[in-house]
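Fold and contact review
One letter stands for each residue in the lines below.
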2 protein chains.
Amino acid sequence: MTSDREPHLTRRQWLTSAAVIGGTAVAGGSLGGILHHSQGATTASSTSDEPTDDVFFGHVREPFYGPHQAGITSAIQAHASYLGFTFHPHATATDVVRTLRILTHDAALLTQGKGALADTEPELAHTPARLTVTVGFGPEFFDRAGIPHLRPPHLAQLPSYRIDRLDPAYGQTDLLLLIQGDDPTSVAHAARVHTRQIRSFAQRAWTQHGFSYARGTHPQGTTMRNLMGQVDGTHTAHTQASDEHVWLRDSDGDRHVGATTFVLRRIAMTLDTWDEVDRPGREDALGRRMSDGAPLTGTAEHDPPDFEARNDLGFPVIAPYAHIRRAHHPDPTVRIYRRAYNFNDPPTPDNPHTTGLLFGSFQRSIPNQYLPIQNRLAELDALNEWTIPVGSAVYYIPPGVREGQFLGEQLLT
Amino acid sequence: MTSDREPHLTRRQWLTSAAVIGGTAVAGGSLGGILHHSQGATTASSTSDEPTDDVFFGHVREPFYGPHQAGITSAIQAHASYLGFTFHPHATATDVVRTLRILTHDAALLTQGKGALADTEPELAHTPARLTVTVGFGPEFFDRAGIPHLRPPHLAQLPSYRIDRLDPAYGQTDLLLLIQGDDPTSVAHAARVHTRQIRSFAQRAWTQHGFSYARGTHPQGTTMRNLMGQVDGTHTAHTQASDEHVWLRDSDGDRHVGATTFVLRRIAMTLDTWDEVDRPGREDALGRRMSDGAPLTGTAEHDPPDFEARNDLGFPVIAPYAHIRRAHHPDPTVRIYRRAYNFNDPPTPDNPHTTGLLFGSFQRSIPNQYLPIQNRLAELDALNEWTIPVGSAVYYIPPGVREGQFLGEQLLT
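Just so it is clear, the structure is predicted and the values come from calculations on it, not from any experiment.

What follows covers the overall build of chain A. For chain A, the helix and strand inventory stands at twelve helices and ten strands. By residue count, 62% of the 413 residues in chain A fall in the buried class. Here the analysis covers contacts within chain A between residues at least 6 apart in sequence; of these, 76% occur between residues at least 24 apart. Carbon and sulfur atoms form 53% of the exposed surface of chain A, whose accessible area is close to 16,100 Å².

The backbone of Ala 118 of chain A sits at a positive phi, close to 55 degrees, despite the residue not being glycine. Looking at the element boundaries, Ala 118 of chain A is found in the loop between helix H3 (93–110) and strand E4 (132–137). We classify Ala 118 of chain A as exposed; its relative accessible area is 63%. With phi around 65 degrees, Arg 130 of chain B is a residue other than glycine that occupies positive phi space. Tracing the chain through its elements places Arg 130 of chain B in the loop between helix H3 (93–110) and strand E4 (132–137). In this structure Arg 130 of chain B comes out as buried when scored by relative accessible area, which is 0%.

Residues and elements named next belong to chain B. Between H3 and helix H5 (residues 184–197), the least distance of the axes is 10 Å, while the angle of their chain directions is 155 degrees. In terms of their interaxial angle, H3 and H5 are classed as roughly antiparallel. In this structure, the crossing between H3 and H5 has a hand that is right-handed. Here H3 contributes Ile 102, Leu 103, Asp 106, Ala 107 and Leu 110 to the contact with H5, which in turn contributes His 189, Ala 190, Val 193, His 194 and Gln 197. Looking at the contact of H3 with H5 residue by residue, the classes come out as six nonpolar, three polar and one charged.

Moving on, we come to the confidence of the model for chain A. Close reading of the predicted structure is inappropriate where its pLDDT is low. Scored by pLDDT, chain A comes out at a mean of 86, with 85% of its residues at no less than 70. Within the model, the stretch residues 1–53 of chain A combines pLDDT values under 50 with 86 contacts to residues more than four positions away or in other chains.

Here the focus is H3 of chain B. Residue and element names in this part refer to chain B. When the terminal C-alpha atoms of H3 are compared, their 26 Å separation across 18 residues agrees well with the 26 Å that a helix rising 1.5 Å per residue should span. Among the residues of H3, those classed as buried are Asp 95, Val 96, Val 97, Thr 99, Leu 100, Leu 103, Thr 104, Asp 106, Ala 107, Ala 108 and Leu 110. Of the surrounding secondary structure, the elements contacted by the buried residues of H3 are strand E3 (79–87), E4, helix H4 (141–144), strand E5 (175–181), H5 and helix H12 (409–412).

So, on to the environment of Gly 229 of chain B. Along the chain, Gly 229 of chain B falls in the loop between strand E6 (202–211) and helix H6 (234–240). Accessibility expressed as a relative area gives 0% for Gly 229 of chain B, which makes it buried. Separated by 61 residues in sequence, Gly 229 of chain B and Met 290 of chain B place their C-alpha atoms 7.1 Å apart. Apart from residues lying up to four places away in sequence, Gly 229 of chain B is in contact with Glu 121 and Leu 124 of chain A together with Met 290 of chain B.

Scanning the model with the defined rule gives 32 salt bridges over all chains in all. Of the charged contacts in the structure, one is a salt bridge between Asp 182 of chain A and Arg 130 of chain A, with a shortest N-O distance of 3.5 Å. Linking Asp 182 of chain A in the loop between strand E5 (175–181) and helix H5 (184–197) with Arg 130 of chain A in the loop between H3 and E4, this pair joins segments that are 52 residues apart in sequence. Residue Asp 232 of chain A pairs with Arg 338 of chain A through a salt bridge whose shortest N-O separation is 2.1 Å. Note that Asp 232 of chain A is positioned in the loop between strand E6 (202–211) and helix H6 (234–240) and Arg 338 of chain A in strand E8 (residues 337–344), a separation of 106 residues in sequence. Residues Asp 232 of chain A and Arg 338 of chain A agree in their burial class; the two are buried. Three or more residues are tied together by salt bridges with common partners; here these are Glu 121, Arg 192 and Arg 196 of chain A together with Asp 275 and Arg 282 of chain B.

Residue and element names in this part refer to chain B. Of all the nine residues making up E3, eight are buried; the element is thus mostly covered by neighbouring parts of the structure. Inspection of the sheet shows E3 paired to E5 by seven bridges, in the antiparallel sense. Each bridged residue has a counterpart across the sheet, and for Ala 80 the counterpart in E5 is Gln 180. Both E3 and E6 contribute to a ladder of nine bridges, which runs antiparallel. Bridge assignment links His 79 to a residue of E6, and that residue is Phe 211.

This part covers H5 of chain A. Between its first and last C-alpha atoms H5 of chain A spans 20 Å; for 14 residues at 1.5 Å apiece the expected length is 20 Å, and the two agree. With 14 of 14 residues buried, H5 of chain A lies mostly within the body of the structure.

The next point concerns the nonpolar core. Leu 100, Val 135, Phe 137, Phe 141, Leu 175, Ile 179 and Leu 412 of chain A are the most contacted members of the largest nonpolar core, which totals 78 residues. Tallying contributions element by element places H3 of chain A first for this core, with seven residues. If near-sequence neighbours (up to four positions away) are discounted, Leu 412 of chain A is found in contact with Val 97, Leu 100, Phe 141, Ala 145, Ile 147 and Phe 406 of chain A. Within the second largest apolar cluster, 73 residues are counted, among which are Ala 108, Met 224, Ala 340 and Leu 377 of chain B.

This part covers the side chain of Thr 207 of chain B. Mapped onto the secondary structure, Thr 207 of chain B falls in strand E6. The buried category is assigned to Thr 207 of chain B, whose relative accessible area is 5%. In terms of polar contacts, Thr 207 of chain B uses its side chain to reach the side chain of Arg 204 of chain B, at 2.9 Å. Those residues in contact with Thr 207 of chain B that sit more than four places away from it in its chain are Pro 346 and Pro 347 of chain A together with Tyr 82, Leu 83 and Tyr 170 of chain B.

Our next topic: the packing of aromatic side chains. This structure, assessed with the given rule, holds 21 aromatic pairs over all chains. Geometrically, the ring pair formed by Tyr 82 of chain B and Tyr 341 of chain B is edge-to-face, given 6.4 Å between the ring centres and 75 degrees between the ring planes. Of this pair, Tyr 82 of chain B sits in strand E3 while Tyr 341 of chain B sits in strand E9 (residues 341–344), placing them 259 residues apart in sequence. Tyr 341 of chain B shares its class with Tyr 82 of chain B; the two are buried. Between Phe 137 of chain B and Tyr 396 of chain B the ring centres are 6.2 Å apart and the planes differ by 35 degrees, which places this aromatic pair in the tilted class. Here Phe 137 of chain B, found in strand E4, pairs with Tyr 396 of chain B, found in strand E11 (residues 387–397); they are 259 residues apart in sequence, far enough to count as distant. Each member of the pair, Phe 137 of chain B together with Tyr 396 of chain B, is buried. Stacked on the ring of Tyr 170 of chain A, the Lys or Arg Arg 266 of chain A has its end atom at 4.1 Å from the ring centre.

Moving on, we get to the environment of Thr 127 of chain B. Residue and element names in this part refer to chain B. For Thr 127, the location among the structural elements is in the loop between H3 and E4. Note on Thr 127: relative accessible area 3%, which makes it buried. Between the C-alpha atoms of Thr 127 and Asp 182, which are 55 residues apart in sequence, the distance is 9.7 Å.

How each quantity is defined
- Along each chain, numbering runs from 1 in the same order as the chain's sequence is written.
- Written order determines the labels here, with chains lettered from A and ligands numbered from 1.
- In keeping with the predicted nature of the model, local features appear solely for residues at pLDDT of at least 70, side-chain atom pairs appear and are counted solely at 80 or more, and the whole-chain, interface and lining totals rest on all residues.
- As a rule here, side-chain values come from all non-hydrogen atoms in the structure, and water together with hydrogens is ignored.
- Secondary structure elements are defined from DSSP: runs of H or I of at least 4 residues count as helices, runs of E of at least 2 residues count as strands, and each element is numbered from the N terminus.
- A 1.4 Å probe rolled over the protein chains alone gives each residue an accessible area, and that area as a share of the maximum for its type sets the label: buried under 20%, exposed over 50%, partly exposed in between.
- Whether two residues are in contact is decided by their heavy atoms, any of which lying within 4.5 Å being enough.
- The Shrake-Rupley method, run with a 1.4 Å probe sphere, supplies the accessible areas, and residue values consider only the shown protein chains as cover.
- Only the stretch in contact is used when fitting a helix axis, every axis being a line fitted to C-alpha atoms; angles between N-to-C directions are given from 0 to 180 degrees.
- Between 65 and 115 degrees an angle is taken as roughly perpendicular, under 35 as roughly parallel, over 145 as roughly antiparallel, and anywhere else as oblique.
- Definitions for this section: a left-handed crossing has its near helix turned counterclockwise from the far helix by less than a right angle. A right-handed crossing has that turn clockwise.
- Classification used: nonpolar for Ala, Val, Leu, Ile, Met, Phe, Trp, Tyr, Cys and Pro, charged for Asp, Glu, Lys and Arg, polar for all others including Gly.
- The predictor reports its confidence for every residue as pLDDT, a score running from 0 up to 100.
- The span expected for a helix works out to 1.5 Å for each residue beyond the first.
- By convention in these notes, a salt bridge is any Lys or Arg side-chain nitrogen within 4 Å of a carboxyl oxygen on Asp or Glu.
- One requirement defines pairing of two strands: DSSP has to find at least two bridges between them.
- We call a set of buried residues a nonpolar core when its members are Ala, Val, Leu, Ile, Met, Phe, Trp, Tyr or Cys and they connect through side-chain atoms within 4.5 Å of each other.
- Here a polar contact is taken to be a pair of N or O atoms separated by no more than 3.5 Å, where protein atoms must pair a possible hydrogen donor with a possible acceptor and residues adjacent in sequence count only if both atoms sit in side chains.
- Here a pair means two rings of Phe, Tyr or Trp (six-membered ring of Trp) with centres within 6.5 Å. Their orientation is stacked below 30 degrees between planes, edge-to-face above 60, and tilted elsewhere.
- Consider the ring centre and the ring normal. A charge sits over the ring if Lys NZ or Arg CZ is within 6 Å of that centre and within 35 degrees of that normal.

In structure tokens form, the structure reads like this:
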């Protein structure tokens, strides 16, 4: 698998060259948006069986090793597959460690554009396109691993909400694999390889596919629109959460430094009734304009909403029931880091609700950050009229690792 | 919805500028691969609610009007949704014409980056990313439209094959919408809009989602790999079929000039047993190398296979049962134009076979071109061991139209 060929000039390298050659203001301006698309990502070196022509981003890699797992706060990818696994009844604590060693070993290879151990189709791994594999532990994991005393406090299934119509097919599992990338083929390959490699110990309970804009179709930093047409996640994704809201730290216990927690909510949309709502009605329900996502009190997407503003009649411009008002908790420590994808599975005769949002929320503490917001939304949110939570699960996301460690090692050794 | 802003410099325009500024050999060489990616495609002009920053290909459009429908022989897109519709029992021939007028009107808008008529989320249409909508008519369509005498001879469901395990959930329908594009969001939006707009006349019987490599991850012209890891479709897609194999012509009748026919086969892969086959076994079954798709008698993907070549022991290098030998009909008029996508739906408890290939074949004549090849493959093809046809349907693809016409107008007026 070695080659005498020179590594070829990647798209990115060429752009850098062009900027040097051109050296004009317009070139510099345009490059800014491109080269910063994947902050922290690196470009894979060429090997003999990678494409040899020019590509835009097939070879771009997200680092696997680090203080945090990849795929959490980096720029959102175009595709995501969420895989929930349950351990076999006979799986022992030793098997749990084996599972994590295998997952870690393979993820470290796949995300860097290399075939996994005994990969039968390694070529499908060669264009990772920012592939990341993020591993999470459900509440029962800690029992199965023989470390119930290390389960983070309050890592438990969410309380039931009046708005929920939960389908057990998308319920809590022992293990989560969140596989994200800008190419659906390498994401599909990673999902298959991981599932096969750990099948002696755990089986897949569900798979949930999601997508955002294809990379290259929108400028870097564009907030996704969901399938209701709304600019989705402006506030929670871009302006509010910071490191202190996301990562567990010393005071949470040495073993947890760099970890986080994750809530996955599968939220179906009832688009047939949403269709009946006119544009002003939609904007009133959300509190933002449909055209560009600007709050109804502002002129641009990232303008802070003015929740005090009133119209000529004295009514709040952003209605009391508007989603952005309800999602905004007055306590500035109550913030989440959101990462969401659209889903749009083929409808089936017994399930028309196959379009919606895979809502993901990362936070240091589920009870202190996620629940207060979720409680407000469950109590009152105009969008509840057209959305149905149909799946719900929570996970502890262990810290990142350095080479030679396995994910979860901080807990298990 | 008008704006005083100047149209912004698109990625493509900027690259052209850069080439002029740079004027070097390396710039010219790299640009070749980029600017020719979408032959015949044009770049949408800027409007007020399109993104204003730099993008790669969100605005690129495939022309809607022309002698043939779009989405057939143009470069394959990254995403495809196949939607099968059946007319309501009460739908009249007039309703069929209404349906086609609506579909044509909306497709002409959506593919050019504009919201459809009464589109409730027009913003989701603004980055078409080579969106195409291709419309097909099943055999029963001609009865419903009151033109049974115009049904092309031999447009009928395929004969049953021993290898088939057909699921009626993916069976023949009256109408096909093949929606393709490089962005999954605009594809999802187009699928939803079309379904809604014609729901008074027809209902969706099935939806099948497929994907290829994300645009920008592989060099232009790269043959896709399927989820068995094979370089898939080298011969049929690139070297064999030409206009004479695809388009109906004068001798087929005036009304059909520029039309074609389409066979859609949903082919599940039994990857668990494929996993047990080693690399030489896989190459023997296919007749090509796994690493680069070269025929076993050649050194590069596009080398013509030498079916006469024998090894030292006197056996054929490409086995008698190898897929590429069986798929190669000795009569050079027996050629098809293939357009295939991977599918990888979430597995369900009652259906583990949710990974495979959406095999599509365009040809002038199903009985003269598709069936002879299909018969050979059904009779003997090593890959049959790991593939199961689970869906099958055939469609007449009417000619393209010019502005003011509707798809099917050549038959219906």
